[in-house]
Amino acid sequence: MKNALALLCAFALSLAALAQQPANKLKVFISVDMEGVSGVVSNDQTAAGGPDYNRFRRIMTEETNAAIDGAIAAGATEVVVNDSHGSMRNLQIEELHAPAELISSSIKPMGMMQGIDASFDAVIFVGYHAKAGSAVGVLAHTGTGTIADVRINGHSVGEAGMNTLAAGALGVPVVMITGDQAAIAQARELAPKIEGVQVKEAIGTTAARSLRPAEAAARIRAAAERALKRRTEFQPVRPTTPTTFEVAFTQTVLADVAEQIPTVKRVDARTVNYSTPDYLQGYRLLRVLYRYLRAD
Ligand SMILES: [Zn+2]
């Protein structure tokens, strides 16, 4: 009898524990850049005020909605979208599909990964592009035009790489990227199994053969659903710590400024580095170095 009572109590306790867990929670974080969106081949298409900017921000929003729809089809219960391009005020909120919420504008200390935390189950990158210095990759760059290369623990990475490690530091895996073939290949250097949706084939850095936006959206929706349904296959890519960030600028004068920051050391004319036990702290400083450093 005593045993039966103990068993009953244990059963009741486990029921209570189950009731406290949100049923089948699936939180998805979507970071959206613009250079990797279908049809984008030139900077004036991605800059506010450019003659074609409004067309391409609409297509950017459509690709984002496709990822949201795929996430919902896979059972997502919460979707947070972070506008990660330029002013970070590109996505049109009134057109965004439910139930997504939008993070936009600056200053965001975590930039392209603002809003992520350890409660998320998966990350999707939409509209991403190849890193600075790529021979092939539409509008290839890292952060801004002031960066020649970023190396994390000796490994050259682009935005997808540094953001994959930021998610990994919080224990969250990246499951999918959309962009051209170079963006996808570079993302897979760190996360080989991620779903890749090639919405265009880069021809050099300023031309591409693109899918029609409707076709790109259909493929993104299907891939997001597929990737999230197999999310248990993905492991977060955790940065090794302490982490060394090495930043090669395009101008010597930027290294002159950067080395004035305590912990930042000069490596050579255009290169600085720093080490930190906290990857996310290093990521935030990296953002300061590529986005807010001025030489005049
Ligand atoms: Zn970018």
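This text goes with the structure placed above it.
Residues numbered from 1 in each chain as written. Predicted model: local features only at pLDDT ≥ 70, side-chain atom pairs only at ≥ 80, totals over all residues. Heavy atoms only, no water.

## Details of the sheet that holds strand 8 (residues 195-202)
- Spatially, the 7 strands line up as an open sheet ordered 3-2-1-4-7-8-9, and their pairing is mixed. The sheet is open, and its two borders are formed by strand 3 (101-103) and strand 9 (208-210), each paired with just one other strand. Adjacent strand axes in the sheet meet at a mean angle of 20 degrees, parallel and antiparallel pairs treated alike.
- For strand 1 (residues 27-32) and strand 2 (residues 78-83), the ladder comprises 6 bridges, and the chain directions are parallel. Its bridge partner lying in strand 2, Val 32 is registered against Asp 83.
- Packed onto the sheet, helix 2 (residues 53-73) meets strand 1, strand 2, strand 4 (122-128), strand 7 (174-180) and strand 8 and runs at close to 160 degrees relative to strand 2. (Pairing = 2+ DSSP bridges. Helix = DSSP H or I, 4+ residues; strand = E, 2+ residues; numbered from the N terminus. Axes fitted to C-alpha atoms, helices over the stretch in contact; angles between N-to-C directions. Contact = heavy atoms within 4.5 Å.)

## Let's talk about the coordination of the zinc ion
- Surrounding the zinc ion are the protein donor atoms Asp 33 (OD), His 129 (NE2) and Glu 159 (OE), which sit 2.0 to 2.1 Å from the metal.
- We note that the donor set of the zinc ion lies within a single chain, spaced as D-x95-H-x29-E. With a gap of 96 residues between them, Asp 33 in the loop between strand 1 and helix 2 and His 129 in the loop between strand 4 and strand 5 (147-152) connect regions that are remote in the sequence. By the burial criterion, Asp 33 is buried, and His 129 matches it. (Donors = N, O, S within 2.8 Å, 3.2 Å for Na, K, Ca; no water. Buried < 20%, exposed > 50% of the residue type's maximum accessible area, 1.4 Å probe, protein only.)

## Section: the side chain of Thr 271
- By the element assignment, Thr 271 lies in strand 12 (residues 271-276).
- Judged by relative accessible area, Thr 271 falls into the buried class, the value being 5%.
- A distance of 2.8 Å separates a polar atom in the side chain of Thr 271 from a polar atom in the side chain of Asp 268.
- Excluding residues within four positions of it along the chain, Thr 271 makes contact with Arg 151, Glu 246, Val 247, Ala 248, Ala 255, Lys 265 and Arg 266. (Polar contact = N/O pair within 3.5 Å; in protein donor to acceptor, adjacent residues only side chain to side chain.)

## Brief notes about the pairing of strand 12
- Where burial is concerned, most of strand 12 is hidden: 5 out of the 6 residues are buried.
- Alignment of strand 10 (residues 243-249) against strand 12, held across 6 bridges, turns out to be antiparallel. The residue bridging Thr 244 from the neighbouring strand is Ser 275, located in strand 12.
- Summarising the sheet, strand 11 (residues 265-268) and strand 12 pair through 3 bridges and their orientation is antiparallel. Looking across to strand 12, one finds that Arg 266 is bridged to Val 272.
- Taking the residues that link successive antiparallel strands as the turn, the strand 11-strand 12 hairpin has 2 residues.

## Quick notes on the sheet that holds strand 10
- Strands sit in the order 6-5-10-12-11 across an open sheet of 5 strands; the sheet is antiparallel. Whereas interior strands pair on both sides, the edge strands pair on one side only; in this sheet they are strand 6 (155-157) and strand 11. Neighbour to neighbour, the strand axes of the sheet diverge by 30 degrees on average, direction disregarded.
- Contacts between helix 7 (residues 279-292) and the sheet are confined to strand 5, strand 10 and strand 12, with strand 10 contributing the most and set at about 10 degrees to the helix.

## Topic: the layout of surface pockets
- Roughly 410 Å³ of volume is contained in the largest pocket.
- Around the largest pocket, the lining comprises 24 residues; the ones closest to its centre are Glu 35, His 85, Gly 86, His 141 and Gly 143.
- Broken down by element, the residue count for the lining of the largest pocket peaks at 3 residues, all from helix 7. (1 Å grid on protein atoms, 1.4 Å probe; cavity = no way out; pocket = protein on both sides within 12 Å on 5 of 7 lines; lining within 4 Å. Points joined across faces, edges and corners; volume = space filled by probe spheres on them.)

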